[in-house]
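# Structural features, examined
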2 protein chains.
Amino acid sequence: MIDREGPVPPYRQIANALRARIASGEIPPGRRIPSLVELEDEFGVARDTLRKAVQVLKDEGLVETVTGMGIYVVQPDNAPSGG
Amino acid sequence: MIDREGPVPPYRQIANALRARIASGEIPPGRRIPSLVELEDEFGVARDTLRKAVQVLKDEGLVETVTGMGIYVVQPDNAPSGG
DNA sequence: TCTTATTTGTGCGTATGTATC
DNA sequence: TGATACATACGCACAAATAAG
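Residues numbered from 1 in each chain as written. Chains lettered and ligands numbered in written order. Predicted model: local features only at pLDDT ≥ 70, side-chain atom pairs only at ≥ 80, totals over all residues. Heavy atoms only, no water.

As recorded in an unreviewed UniProt entry, chain A goes by the name GntR family transcriptional regulator, listed as coming from Microtetraspora malaysiensis.

Next comes the structure, spelled out in structure tokens:
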């Protein structure tokens, strides 16, 4: 799942994978993405790595984190699309 | 924000900047300094560098780390002034 | 209110590889 | 060779918010 030989670091690969799921509608707006524990299990990486991957998506405005709840896909209404 | 040309290494500059905020009262005793993530964003340096900067302030007794909470400005009451 | 479970937030310590001075 | 810095990654401990009972 994660290619540790290539030039793309794991945290970027994970960010890309999650972004693809969001873009494809697999994880629609308002929905939660898998928890860090589940992602740990799925990708076989440390939380630190997931934290960085999530940070990338947060930076892009694709997701938002809520302590005690999870990480949610930002809805178009909430998206900073300039309006 | 960080001068990478001068003789003062970034971790020292950051330590100085934080020390100034504490001295000026911008971050009063008992208050938390920005998290490492926020400082990463603000200064544009690696976590490794931030941790060294914080270590300087800890060495000076200006701040204390509380696990799971953050890094706090030491209160005069708690200062190791010999009491 | 308290306990239990889940989930994110925050920092510590450590390690590897690369690069500059 | 050493200090400094960046990028990446793993494992660990503890705190806070949320949810359910």
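Before going further, it helps to examine the overall build of chain A. Looking only at helices and strands, chain A features 3 helices and 3 strands. The order of helices and strands in chain A, counted from the N terminus, is α-β-α-α-β-β. Taken over C-alpha atoms, the radius of gyration comes to 13 Å for chain A, in line with the 12 Å a tight globule of 83 residues would show. Along the three orthogonal principal directions, the C-alpha set of chain A runs to about 40 × 30 × 20 Å. For chain A, the share of sequence-separated contacts (at least 6 apart) that also reach a separation of at least 24 residues comes to 53%. (Helix = DSSP H or I, 4+ residues; strand = E, 2+ residues; numbered from the N terminus. Rg over C-alpha atoms; globule rule 2.2 N^0.38 Å. Contact = heavy atoms within 4.5 Å.)

For any two helices packed against each other, one specifies the inter-axial angle together with the distance between the axes. All names here are of chain B. At a closest axis distance of 8 Å, the pairing of helix H1 (residues 10–24) and helix H3 (residues 47–59) adopts a crossing angle of 50 degrees. Our classification of the angle between H1 and H3 gives oblique. H1 and H3 meet at a crossing whose hand is right-handed. When H1 is examined against H3, the residues Pro10, Tyr11, Arg12, Ile14, Ala15, Leu18 and Arg19 are found in contact with a partner set consisting of Thr49, Leu50, Lys52, Ala53, Val56 and Leu57. Of the residues assigned to the contact of H1 with H3, the class counts are 9 nonpolar, 1 polar and 3 charged. (Axes fitted to C-alpha atoms, helices over the stretch in contact; angles between N-to-C directions. Parallel < 35°, antiparallel > 145°, perpendicular 65-115°, else oblique. Left-handed = near helix turned anticlockwise from the far one by under 90°. Nonpolar A, V, L, I, M, F, W, Y, C, P; charged D, E, K, R; others polar.)

Moving on, we get to the layout of surface pockets. Residue and element names in this part refer to chain A. Of the voids in this model, the largest pocket is the one considered here, and its volume is about 560 Å³. Elements that contribute at least two residues to the lining of the largest pocket include exactly helix H2 (36–43), helix H3 (47–59), strand S2 (63–66) and strand S3 (70–73). Per element, the largest residue contribution to the lining of the largest pocket is 5 residues, and it comes from H3. When the residues that make up the lining of the largest pocket are grouped by side-chain class, the tally is 8 nonpolar, 6 polar and 3 charged. (1 Å grid on protein atoms, 1.4 Å probe; cavity = no way out; pocket = protein on both sides within 12 Å on 5 of 7 lines; lining within 4 Å. Points joined across faces, edges and corners; volume = space filled by probe spheres on them.)

Applying the stated rule across the entire model yields 8 salt bridges over all chains. Put simply, Glu38(A) and Arg32(A) hold a salt bridge, and the shortest N to O gap is 3.4 Å. Overall, Glu38(A) belongs to the partly exposed group, its relative accessible area being 42%. Look at Arg32(A) and you get partly exposed, because its relative accessible area is 33%. Put simply, Asp48(A) and Arg47(B) hold a salt bridge, and the shortest N to O gap is 3.5 Å. (Salt bridge = Lys/Arg side-chain N within 4 Å of Asp/Glu carboxyl O. Buried < 20%, exposed > 50% of the residue type's maximum accessible area, 1.4 Å probe, protein only.)

Right, let's get into the protein's contact with DNA strand C. What surrounds DNA strand C is a group of 22 residues, the closest being Leu36(A), Thr65(A), Leu36(B), Arg51(B) and Gly68(B). Restricting the count to atoms of DNA strand C within 4 Å of the protein gives a sugar and phosphate share of 61%. One of the backbone nitrogen or oxygen atoms of Leu36(A) is found 2.8 Å away from a phosphate oxygen of DNA strand C. Elements represented by at least two residues in the surface near DNA strand C include exactly H3, S2 and S3 of chain A together with H3 and strand S2 (70–73) of chain B. In terms of residue count, H3(B) provides more of the surface near DNA strand C than any other element does, 3 residues in total. (Near = heavy atom within 4 Å. Polar contact = N/O pair within 3.5 Å; in protein donor to acceptor, adjacent residues only side chain to side chain.)

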